[in-house]
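# Examination of the molecular architecture
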Amino acid sequence: MRIGYPCLNRTLDCRNNHSFKLASYTEERLVETVAANLKCLEAILKFNVENSLLFFRISSDLIPFASHPVCRFDWANYFTGDLSRIGSLIKRNGIRISMHPDQFILLNSPDDRIVERSVLELEYHAEILDRMKLDGTAKIQIHVGGVYGEREQALKRFVQRYEKLSSRLKKRLVVENDDRLYPLADCMDLHFQAGVPVLFDMFHHCILNFGEPAREALELAVTTWSEQDGPPMVDYSSQFAGERKGRHAESLDNDDFAHFLETAQGIDCDVMLEIKDKERSALRAVEIYQRESSRQKKKAKS
DNA sequence: AATGGTCAAGTCAGC
DNA sequence: GCTGACTTGACCATT
């Protein structure tokens, strides 16, 4: 099991998601920003390797405005050397990579223009991973989308739009259960209809479900991943105590995470910690995981 | 140097 | 109908 965290590292004093306002867009500004972002991404990945954090979500802001009409710059070619070098670092160290486009990305919107823009944004994500020369185990995760007062139609539209995607996107796209509109059962339907793997979000599942016990739900989601997809990815978080339901915790709840590990025992998956203090909690999670697995080994011996 | 309004994009819930 | 939540901050004009 590889354990990781998303997008930001708070120990290193750099960021890989620098952006700027659209109004101040210039090619120079873009190049300078992306160069800084890539440099930081490389530093974060090196930090992660040294700390046994072998799963990382790359920020969608790596290349600001990449899919926006304002951007006419051929960033993919310009930065191909850097992207390929970072890709080598990733492969050499067996790091798992995911990306998670924002909530604006909707394959199932009734508005074709929104779908069109969404596909452009997804293609941008795929371009990054392709330029890093990563295989199909590097994933792009999205939610199903809106309901629009017509669930069945909205689900059907997802399938239709998914089927029309380029093969390089289909190779990478996975769908994640959310905590408001589409629970695991809907994602499973999409899998049976379109073949899309289901990324299981344990925390969302606890909030929105049809009463499936966690272990059972996890086992279901895991079956949707094939050999080429790599080990199933799982998102983990816990509740920010006293805050709105669904808000991510600020720091890892050790006991809850140990309980999660018990639930996931024997299942080969990679776990993304969606916890606010990022690598600090992830480091603790790795410790807990190593402790738990050595305890289990001892148990198996005796 | 510190402050606070504003930021590319969509949808839904709650007032 | 409008605002805030979602990932939550950081940019940047103004003082």
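What comes next is a walk through the structure. Quick caveat: nothing in here was measured; it's all calculated off a predicted structure.

## Observations concerning the sheet that holds strand β5 (residues 173–176)
In spatial order, the strands read β1-β2-β3-β4-β5-β6-β7-β8; together these 8 strands close into a barrel with parallel pairing. Neighbouring strand axes in the sheet, compared pairwise and without regard to direction, differ in orientation by 30° on average. Docked against the sheet, helix α7 (residues 184–194) engages β5 and β6 (198–201), running at close to 170° with respect to β6. The strands that helix α11 (residues 279–301) touches are β1 (3–6) and β8 (270–273); relative to β1, the one it contacts most, it runs at about 170°.

## With respect to helix α5 (residues 151–164)
Residues three or four positions apart in an α-helix share a direction because the helix packs 3.6 residues into each turn. For α5, with 14 residues, the first-to-last C-alpha span of 20 Å sits near the 20 Å given by 1.5 Å per residue. All buried positions along α5 are accounted for by A154, L155, R157, F158, V159, R161 and Y162. In this structure, the buried residues of α5 make contact with α4 (112–131), β4 (139–142), α6 (167–170), β5 and α7.

## Considerations on the protein's contact with DNA strand C
What surrounds DNA strand C is a group of 13 residues, the closest being S24, R29, Q103, R244 and K276. Counting only the atoms of DNA strand C that lie within 4 Å of the protein, the sugar and phosphate share comes to 74%. Within the contact set of DNA strand C, a phosphate oxygen lies 2.7 Å away from a side-chain nitrogen or oxygen of R29. Within the side chain of Q103, an N or O atom sits 3.3 Å from a base nitrogen of DNA strand C.

## With respect to the pattern of salt bridges
For the structure shown, the criterion picks out 18 salt bridges. Residue D229 is joined to K139 by a salt bridge in which the shortest nitrogen-to-oxygen separation is 2.7 Å. Placement of the pair is D229 in the loop between α9 (214–222) and β7 (233–236) and K139 in strand β4, with a sequence separation of 90 residues. Residues participating in the shared-partner salt-bridge network are E123, E127, D130, R131, R168 and R172.

## So, the protein's contact with DNA strand B
Taken together, 18 residues lie near DNA strand B, and L22, L106, S109, V147 and Y148 sit nearest. Restricting attention to atoms of DNA strand B within 4 Å of the protein, one finds that 51% of them are sugar or phosphate atoms. Here a phosphate oxygen of DNA strand B and a backbone polar atom of V147 are 2.7 Å apart.

## Description of the packing of helix α1 (residues 27–50) against helix α3 (residues 80–92)
Between α1 and α3, whose axes approach to 11 Å, the crossing angle comes to 5°. As the angle between them shows, α1 and α3 are arranged roughly parallel. The residues of α3 that touch α1, namely those facing L38, L41, E42, L45 and K46, are D82, L83, R85, I86, L89 and I90. Partitioning the contact of α1 with α3 into residue classes produces 7 nonpolar, no polar and 4 charged.

Reading the values: rules and limits
Residues numbered from 1 in each chain as written. Chains lettered and ligands numbered in written order. Predicted model: local features only at pLDDT ≥ 70, side-chain atom pairs only at ≥ 80, totals over all residues. Heavy atoms only, no water. Pairing = 2+ DSSP bridges. Helix = DSSP H or I, 4+ residues; strand = E, 2+ residues; numbered from the N terminus. Axes fitted to C-alpha atoms, helices over the stretch in contact; angles between N-to-C directions. Contact = heavy atoms within 4.5 Å. Expected span 1.5 Å × (residues − 1). Buried < 20%, exposed > 50% of the residue type's maximum accessible area, 1.4 Å probe, protein only. Near = heavy atom within 4 Å. Polar contact = N/O pair within 3.5 Å; in protein donor to acceptor, adjacent residues only side chain to side chain. Salt bridge = Lys/Arg side-chain N within 4 Å of Asp/Glu carboxyl O. Parallel < 35°, antiparallel > 145°, perpendicular 65-115°, else oblique. Nonpolar A, V, L, I, M, F, W, Y, C, P; charged D, E, K, R; others polar.

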